[in-house]
Amino acid sequence: MKVSSDILRVYKALHTWVGIGTGLLLFIGFFAGALTMFKQPLDRWSAPPAQQLAMVKSNELDMLVSGVMQQFPDARQQLVVHLESAEHISAPVEWQSQDEDGGHGPDLDGEYWHATLNAAGEVQAESIRPSMLGDLIDLLHQTAGIPGTVGHEYLGVQILGLAGILYFLALVSGLIILLPTLVKDFFLIRRGKNRKRFWLDAHNVIGITSLPFHLIIAFTVVVFAFHDSFYGSLKAVVYQDTPMFGAPPAAGERPQARSVDQLLPPTELIRRIEQAAPDFKVTELVYMQVESPRPIVRAGIYNPQYLVRGPLTGYVGINPYNGELTMTGMLPGKSNVWSDIVVTFFALHFGSFAGEWVRWVYFLLGLSGAFLFYSGNLLWIESRRKKQKRGQPLPQQARNTRLMAALTIGVSLGSVAGIGFAIAAGKWGHVAAVADINSLYLQVYYLVFLLALTFAFMRGGARAAVPLLWLCALACALIPVTSALAVLMPSTGLWFYNSAATLAVDFTALLLALAFIFAAYRTQRGLQRANADTVWHIEETGHKAEPAGIGAGS
């Protein structure tokens, strides 16, 4: 396919500057996003077994929910009822003492409770400090670690929303650039002395093969970032006084607050939901604002054969007083075109369909996406290299090129190392009796990240690359090493779970550690052989200068 050289020139410039402007933010978002595919195993890996309470039988559930509602008024604002036992679930019911801040995301300072029934059938409630490791990694995925808020929204979410728009432009422009050689060079990766060509081929192959995934992510990132604005516009123009979610009140009916004494038993709510959605399994009930004029129970329903809106489950709303289904837009046969579109985009973003194997595919796509942005930055740096001409003195590389090299190495590897050390800190923090384990996660991440970034700028991208790759390897290796110490030295106070999910955390971290060790060795070789007229050159004796890679991992 022929494309005008002028058009190609314009789109190449667009692709380059849009990519370089958003690449590092998106690297953090994609790497953290890959880990959010397994939030529950990460939470379980980091949570001590002492925080577990016994699950209750189905015939005891009504007594437990009623008792909690009567004895703990805060639970009437939002009470989560877990209907299935899982490693990451600490008790049958849990709730938070409300702080009325109205913000999104995890509340690190909130007071959390969970409860069960004791042998006498009485409510046994405990105040807990749950591990929010998975939620905090998810928050990093949404904000790229940018602090601050705008109203009730995180500033980082808004910035990543803008980055999503630019990201979409980079995808489209990159596709146009590849059109003339798409068929001929598809899946072609050329190895040899021209290492820039190798990295460019790898960048193009990953980009074009995962293009549908990236288009979906780019679109949904924008929707998620600005959903309040979208919903506000729809409310003002389309829905007006009609509720956007849930059924409107009957004509002439005025919503009135109710008493928790009148709540239907949860087993009855489950029966009615199963009757309306026989192909789904009800996994949880979330009671929300049960004393307000518009109470609702949001039920999580699971069937891996269907696209669902949540990260794991679909949702159905039911009135907890009369059992009327109020949110059925995601049920097969009861949805409309708009609901189908929304559910499809949510499911494609979260990978919440077709079971666990899709989550592993999304995990790999997330890692490959991070590589896409990392390699794009390296290509930009090499494209601005000032080559030494025969018989001429060695040129000075541009300051912005050297700064971008340091920024790319520091941000990318610093974020990876920060996440790795933060995960390991979950167990070591409990052993050290740290009072606020969730704040420790943030402190460890930002400390490691900022130190790595500072180190990269002080040493330069070339000299910082190998030490920071080893730091990433150490951070990842510390996760399975911690679990091994728990087995070999239980007196340390560490703990170990032998379930498939938590073992997968250790095994995946070990593989990542080995990958970073390999990258460190290859990068060391590339830096030693780098041409003198590149930002990746390090003066060393005993090595003959020859064509080299374009950066870390070359």
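Keep in mind the model is a prediction, meaning the values are calculated, not measured.

### A closer look at the overall build of the protein
Scanning the protein for helices and strands turns up 16 helices and 10 strands. Counting every position in the protein, which comprises 554 residues, the buried fraction comes to 48%. Taking as baseline every contact in the protein between residues at least 6 positions apart, the subset at least 24 positions apart corresponds to 68%. With an accessible surface of roughly 26,900 Å², the protein has 61% of that area assigned to carbon and sulfur atoms.

### Overview of a nonpolar patch on the surface
Taken together, Leu14, Leu166, Phe168, Leu169 and Val172 make up a surface patch of nonpolar side chains, about 350 Å² in accessible area. Sorting elements by how many residues they give to the nonpolar patch places helix H5 (residues 155–178) first, with four residues. Mapping Val172 onto the fold places it in helix H5. Exposure remark for Val172: the relative accessible area of 32% places this residue in the partly exposed category.

### Quick word on the nonpolar core
Of all hydrophobic cores here, the largest spans 87 residues; its most connected members are Ile419 and Trp536. Tallying contributions element by element places helix H13 (residues 399–431) first for this core, with 14 residues. Core analysis: the second largest hydrophobic core is formed by 35 residues, Met69, Val123, Leu263 and Ala299 among them.

### Topic: helix H14 (residues 437–459)
An ideal rise of 1.5 Å per residue puts 33 Å on 23 residues; H14 measures up with 33 Å between its terminal C-alpha atoms. All of the buried residues in H14 are Ile437, Asn438, Ser439, Leu440, Tyr441, Val444, Tyr445, Val448, Phe449, Ala452, Leu453 and Ala456. One or two residues past the end of H14 sits Gly460, with phi positive at roughly 90°.

### Structural notes on the pattern of salt bridges
Counted under the stated rule, the structure contains six salt bridges. Residue Arg272 pairs with Glu268 through a salt bridge whose shortest N-O separation is 2.7 Å. Taken together, the residues span about one helical turn, with Arg272 and Glu268 both in helix H10 (residues 266–276) at a distance of four residues. Since its relative accessible area comes to 27%, Arg272 is described here as partly exposed. We classify Glu268 as buried; its relative accessible area is 19%.

### Considering the packing of aromatic side chains
Counted according to the given criterion, the structure contains 19 aromatic pairs. Plain terms: the ring middles of Phe27 and Tyr374 are 6.3 Å apart, the flat faces sit at 50° to each other, and that makes the pair tilted. Residue Phe27 is found in helix H1 (residues 5–35), and its partner Tyr374 is found in helix H12 (residues 356–383); the two are separated by 347 residues along the sequence. A residue is classified by how much of its surface remains accessible, and Phe27, at 8% relative accessible area, is buried. With relative accessibility at 10%, the residue Tyr374 sits in the buried group. Measuring from ring centre to ring centre gives 5.6 Å for Trp470 and Tyr521, while their planes differ by 75°; the resulting arrangement is edge-to-face. A residue pair is termed long-range when its members are at least 10 positions apart, and Trp470 in helix H15 (residues 461–488) and Tyr521 in helix H16 (residues 500–528) qualify at 51 residues. The exposure class of Trp470 is partly exposed, given its relative accessible area of 37%.

### Notes on the sheet that holds strand E9 (residues 314–318)
Taken in spatial order, the eight strands line up as E4-E3-E2-E1-E7-E8-E9-E10 in an open sheet, and their pairing is antiparallel. Either end of the sheet is taken by a strand with one partner, and the two such strands are strand E4 (123–128) and strand E10 (325–327). Strand-to-strand twist of the sheet, defined as the mean angle between neighbouring strand axes without regard to direction, takes the value 25°. Direction of pairing for strand E1 (residues 78–82) relative to strand E7 (residues 281–288): antiparallel, over a ladder of five bridges. From the neighbouring strand, Gln78 faces E7, where its bridge partner is Met288. Against the sheet, helix H3 (residues 58–71) touches E1, strand E2 (93–97), strand E3 (111–117), E4 and E7, its axis set at about 140° to E3. The sheet contacts of H10 involve E7, strand E8 (296–302), E9 and E10, and relative to E7 the element is tilted by about 125°.

### Overview of the packing of H13 against H15
For the pair H13 and H15, interaxial distance at closest approach is 9 Å and the crossing angle is 15°. As summarised for this structure, H13 and H15 are arranged roughly parallel, according to the angle between their axes. Where H13 crosses over H15, the handedness of that crossing is left-handed. Looking at the contact of H13 with H15 residue by residue, the class counts come to 21 nonpolar, five polar and one charged.

### Observations concerning unusual backbone geometry
The general pattern is negative phi for most residues beyond glycine and trans for most peptide bonds. Of note in this structure, Gln289 is not a glycine but carries a positive phi near 50°. Residue position: Gln289 is located in the loop between E7 and E8. Here the phi dihedral of Ala433 falls at roughly 60°; this positive angle occurs in a residue that is not glycine. Looking at the element boundaries, Ala433 is found in the loop between H13 and H14. Residue Ala433 is classed as exposed on the basis of its relative accessible area of 63%.

### Some remarks on the confidence of the model for the protein
When pLDDT is averaged along the protein, the result is 82, and 81% of the positions lie at 70 or above. Of the regions scoring below 50 in pLDDT, residues 541–554 engages in 40 contacts with residues more than four places distant in sequence or in other chains.

### What to know about helix H8 (residues 211–225)
Between its terminal C-alpha atoms H8 stretches 21 Å, which fits the 21 Å expected from 15 residues at 1.5 Å a residue. Taken together, the buried positions of H8 are occupied by Leu211, Phe213, His214, Ile216, Ile217, Ala218, Thr220, Val222 and Ala225.

### Description of the side chain of Thr36
With respect to the helices, strands and loops of the structure, Thr36 is situated in the loop between H1 and helix H2 (39–46). Apart from residues lying up to four places away in sequence, Thr36 is in contact with Ile137, Asp138, His141 and Arg359.

Scoring rules and cut-offs
- Residues numbered from 1 in each chain as written.
- Predicted model: local features only at pLDDT ≥ 70, side-chain atom pairs only at ≥ 80, totals over all residues.
- Heavy atoms only, no water.
- Helix = DSSP H or I, 4+ residues; strand = E, 2+ residues; numbered from the N terminus.
- Buried < 20%, exposed > 50% of the residue type's maximum accessible area, 1.4 Å probe, protein only.
- Contact = heavy atoms within 4.5 Å.
- Areas by Shrake-Rupley, 256 points an atom, 1.4 Å probe, with all protein chains shown as cover.
- Patch = residues over 30% accessible without salt bridge, like charges linked within 9 Å, V, L, I, M, F, W, Y side chains within 5 Å.
- Salt bridge = Lys/Arg side-chain N within 4 Å of Asp/Glu carboxyl O.
- Core = buried A, V, L, I, M, F, W, Y, C linked by side-chain atoms within 4.5 Å.
- Expected span 1.5 Å × (residues − 1).
- Phe/Tyr/Trp six-rings, centres within 6.5 Å; stacked < 30°, edge-to-face > 60°.
- Pairing = 2+ DSSP bridges.
- Axes fitted to C-alpha atoms, helices over the stretch in contact; angles between N-to-C directions.
- Parallel < 35°, antiparallel > 145°, perpendicular 65-115°, else oblique.
- Left-handed = near helix turned anticlockwise from the far one by under 90°.
- Nonpolar A, V, L, I, M, F, W, Y, C, P; charged D, E, K, R; others polar.
- pLDDT = per-residue confidence, 0-100.

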